[in-house]
Amino acid sequence: MSEVYDFIVVGGGISGISCAQKLSSIAEKTYKILVLSASPLVKSITNFKPVTKFLHTFDVKENDASIFSQTHQNLTILSKFVSDLDSENHVVKCIDGSEYKYKKLCICSGGHPKLIDSNNPYVLGIRDTETVHNFQSRLKNARQIVIVGNGGIATELVHKIQNCNIIWTIRDSSISHTFFDSHSAKFFEQSLNEQNSPLIENNLSKKAKYTISKIELNGSEDKKPVTGSALGPDWSLNLLIKGANKESRKVLVEYKTEVRSIMLKEHLVEKNPDLIEKFGDWPVYVELTDQKFYGCDFIVSATGVKPSVDVFIKNNKFDLGEDGGLKVNERMETNIKDVYAAGDACTASWDISPHWFQMRLWSQAFQMGDYAARSMFYSLNNLTISLDFCFEMFAHITSFFNYKIVLLGNYDAKGLDNNYELLIRCTEGVEYVKIVIYNGKVQGALFIGETDLEETFENLILNQIDVSQYGEDLINPDIDIEDYFD
Ligand SMILES: Cc1cc2nc3c(=O)[nH]c(=O)nc-3n(C[C@H](O)[C@H](O)[C@H](O)COP(=O)(O)OP(=O)(O)OC[C@H]3O[C@@H](n4cnc5c(N)ncnc54)[C@H](O)[C@@H]3O)c2cc1C
Ligand SMILES: NC(=O)C1=CN([C@@H]2O[C@H](COP(=O)(O)OP(=O)(O)OC[C@H]3O[C@@H](n4cnc5c(N)ncnc54)[C@H](OP(=O)(O)O)[C@@H]3O)[C@@H](O)[C@H]2O)C=CC1
């Protein structure tokens, strides 16, 4: 007979552990909580520091599962791979044949890299410690690599890799498009061939030479939908990411293109040996949709995340999002009774706030796991819960190219009609400020560098005060905008 638990959480990543931690803190000792995780190490957050109401910085810690369970009441953690779910009988089945019965289940199984070719040994993805080690050891002997994708991982790698030429192939007309539009991306383009440029001083004078512009991007291609136990913030900070090419480290960006085909050297030798003579002797070659052709040591496919939910959906009729995640409502419940999901494994499918959207990030995984725990506990005790405040506004703090980056609300003007405007302030090499205004109200903001504006604009997005009367003064560095709204 299978053991019965009040709560079972699948996954030892940040969403699963935040869910289990919250359950352990709110549920009395009589409740039994089980975490089943394929990985023996579990992730948790330390040094949690609030920056504003919505923005936080933190470090990620890996703990031995057994030590972690000893420090949390009524919590058991087992290193087991869940291979099936019998939702009708409320039973999770593990690959070793063991079975556990739940009252409430939360699936926090994360995601895995969505590779352009998962069968090719020359195509690498980056997700966890193991994949990073593999990447590092392959890079050690590499002189030239191709990076595909234009999001978080590609942006970090291009900046970090030393002693290796990089061909960066992107679908867009500007770099790092998941986070930056073409105008703001220009801020970084000059840094591409500089390596690990020194940290920008924190206290740069606001009197530096700046330009303010007001842009109306009406319907341009910049309006593109923004589409990671995974590594987290600062994963690459202390990593040596070095190739074998001591003579050269150039970044060549191939814009508006995709990989059409990948050919191993041995196949090319048979089919078209002239190409080897023309493009050099490499283990693998890449043909792009714009006819260009490159040889390289290997290819990094930094092309997004696919939710890891196969074992759950094979015998259960889950509603899935377009991205393949388990659809969850405003209580983090799936369509299957007593089954919840959180983090990279789920797709937020409630009526979302105009200033929030899902991005598969550490912060959201943490918030979703924590909230799912409260939701499950409330439901088991016949209490009602209302959507957590954190889902009111998108807020992300990170760094790219050694600059602090803050993204707030609808920073990308996604889904707005042609009448939005952008207020932009830029001091080359120092800071970049972009404010999205629609109907006189601030909808979103992007801050690059130490701007100190995040709190003010967080409030303006939340309060939806009409700011039309302030015009460009809103971002004038000589005016202390906070005074207006005190
Ligand atoms: C290289 C990289 C850099 C990143 N940098 C940042 C960043 O700077 N800032 C940021 O906010 N986010 C970042 N992210 C994204 C962030 O790390 C993820 O969004 C977040 O960690 C997702 O957490 P999760 O708990 O949902 O999933 P995961 O961390 O993937 O955890 C899933 C867990 O489920 C377990 N599991 C899966 N299937 C099963 C099963 N069938 N049975 C049992 N256990 C199972 C796994 O072993 C794992 O423990 C980055 C991601 C990557 C890959
Ligand atoms: N500092 C941070 O906040 C960081 C966050 N992360 C997170 O980790 C996760 C994984 O990162 P990453 O893999 O970079 O994913 P992202 O979702 O950030 O970016 C994926 C990129 O790959 C492109 N892409 C998708 N399919 C193809 C294809 N077939 N050919 C060419 N390009 C393609 C996408 O383009 P399109 O948009 O057109 O689909 C997009 O530019 C993400 O959730 C990310 O947010 C990772 C690193 C740092």
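If you're wondering where the values come from, they're calculated on a predicted model, not measured in any experiment.

### Looking at the UniProt feature "domain: FAD/NAD(P)-binding" (unreviewed entry) in the protein chain
And then number 1: When the UniProt feature table is mapped onto this chain, "domain: FAD/NAD(P)-binding" (unreviewed entry) is found at residues 5-195 and 284-369.
And then number 2: Across residues 284-369, the secondary structure splits into 14% helix and 29% strand, with the terminal C-alpha atoms separated by 41 Å.

### Thoughts on the confidence of the model for the protein chain
And then number 1: Scored by pLDDT, the protein chain has a mean of 89; 91% of the residues are at 70 or more.
And then number 2: Counting contacts from residues 197-208, a segment whose pLDDT is below 50, to residues more than four positions away or on other chains yields 16 contacts.
And then number 3: Note on residues 216-228: pLDDT under 50 across the span, and 37 contacts to partners over four residues away in sequence or across chains.

### Details of the site of ligand 1
And then number 1: Residues in close proximity to ligand 1 total 36 residues, the closest being Ser15, Val82, Arg127, Ala230 and Leu231.
And then number 2: Contacts to ligand 1 include Val82, whose backbone N or O atom sits 2.8 Å from a nitrogen atom.
And then number 3: Contacts to ligand 1 include Arg360, whose backbone N or O atom sits 3.3 Å from an oxygen atom.
And then number 4: Relative to its unbound accessible area of 1000 Å², ligand 1 is 93% covered by the protein chains.
And then number 5: Mapped by element, the contributors of at least two residues to the shell around ligand 1 are α1 (14-26), β2 (33-37) and α9 (362-380).
And then number 6: Per-element accounting of the shell around ligand 1 gives the leading share, 3 residues, to α9.

### Regarding helix α4 (residues 152-160)
And then number 1: Counted residue by residue, α4 has 7 buried out of 9 residues, so it is predominantly covered.
And then number 2: Looking at the buried side of α4, the elements it contacts are α3 (129-139), β11 (144-148), β12 (165-169), β14 (251-254), β18 (298-301) and β23 (395-400).

### Comments concerning the sheet that holds β12
And then number 1: Strand order in the open sheet formed by 5 strands is β10-β18-β11-β12-β14, with parallel pairing between adjacent strands. The open sheet terminates on both sides in strands that have one partner only, identified here as β10 (123-124) and β14.
And then number 2: Across 4 bridges, the pairing between β11 and β18 is parallel. Within the sheet, the bridge partner assigned to Val146 lies in β18 and is Ile299.
And then number 3: α3 contacts β10, β11 and β18 of the sheet and is inclined by roughly 150 degrees relative to β18.
And then number 4: Strands β11, β12, β14 and β18 of the sheet are contacted by α4, whose axis makes an angle of about 160 degrees with β12.

### Comments concerning the sheet that holds strand β16 (residues 284-288)
And then number 1: The 3 strands lie next to each other as β15-β16-β17, forming an open sheet whose pairing is antiparallel. With partners counted over all chains shown, the strands left at the sheet margins are β15 (259-264) and β17 (293-296), one partner each. The sheet shows a mean angle of 20 degrees between the axes of neighbouring strands, direction not considered.
And then number 2: As judged from the 5 bridges shared by β15 and β16, these two strands associate in the antiparallel manner. Residue pairing across strands places Met263 opposite Tyr285, the latter belonging to β16.

### Overview of the domain arrangement of the protein chain
And then number 1: Taken as a whole, the protein chain is organised into domain 1 (3-111 + 305-390), domain 2 (115-178 + 227-301) and domain 3 (395-484).
And then number 2: Taken over C-alpha atoms, the centre of domain 2 sits 34 Å from the centre of domain 3.
And then number 3: On the side of domain 3, 5 residues touch domain 2, which itself brings 7 residues to the contact.
And then number 4: Carbon and sulfur atoms supply 62% of the area buried between domain 2 and domain 3, which totals about 510 Å² over both sides.
And then number 5: Inspection of the region where domain 2 meets domain 3 yields 0 salt bridges.
And then number 6: Run the count over domain 2 and domain 3 and you get 1 residue pair in polar contact (both at pLDDT 80 or more).
And then number 7: Considered class by class, the residues forming the side of domain 2 that touches domain 3 number 1 nonpolar, 5 polar and 1 charged.

### Focus: helix α5 (residues 182-189)
And then number 1: Among the residues of α5, those classed as buried are Ser184, Ala185, Phe187 and Phe188. Each buried residue of α5 lies within a common arc of 135 degrees when the element is viewed along its axis, so the set occupies one face.
And then number 2: Residues of α5 that are buried sit in contact with β23, β24 (403-409), β25 (421-427), β26 (431-438) and β27 (441-448).
And then number 3: Near the N-terminus of α5, the side chain that reaches the backbone nitrogen of His183, with its oxygen 3.0 Å away, is that of Asp181.

Scoring rules and cut-offs
Residues numbered from 1 in each chain as written. Chains lettered and ligands numbered in written order. Predicted model: local features only at pLDDT ≥ 70, side-chain atom pairs only at ≥ 80, totals over all residues. Heavy atoms only, no water. UniProt positions renumbered as here; feature names shortened; annotations may be inferred. Helix = DSSP H or I, 4+ residues; strand = E, 2+ residues; numbered from the N terminus. pLDDT = per-residue confidence, 0-100. Contact = heavy atoms within 4.5 Å. Near = heavy atom within 4 Å. Polar contact = N/O pair within 3.5 Å; in protein donor to acceptor, adjacent residues only side chain to side chain. Areas by Shrake-Rupley, 256 points an atom, 1.4 Å probe, with all protein chains shown as cover. Buried < 20%, exposed > 50% of the residue type's maximum accessible area, 1.4 Å probe, protein only. Pairing = 2+ DSSP bridges. Axes fitted to C-alpha atoms, helices over the stretch in contact; angles between N-to-C directions. Domains from an automatic or database assignment. Buried area = accessible area lost by both parts, 1.4 Å probe. Salt bridge = Lys/Arg side-chain N within 4 Å of Asp/Glu carboxyl O. Nonpolar A, V, L, I, M, F, W, Y, C, P; charged D, E, K, R; others polar. Arc of directions from axis to C-beta.

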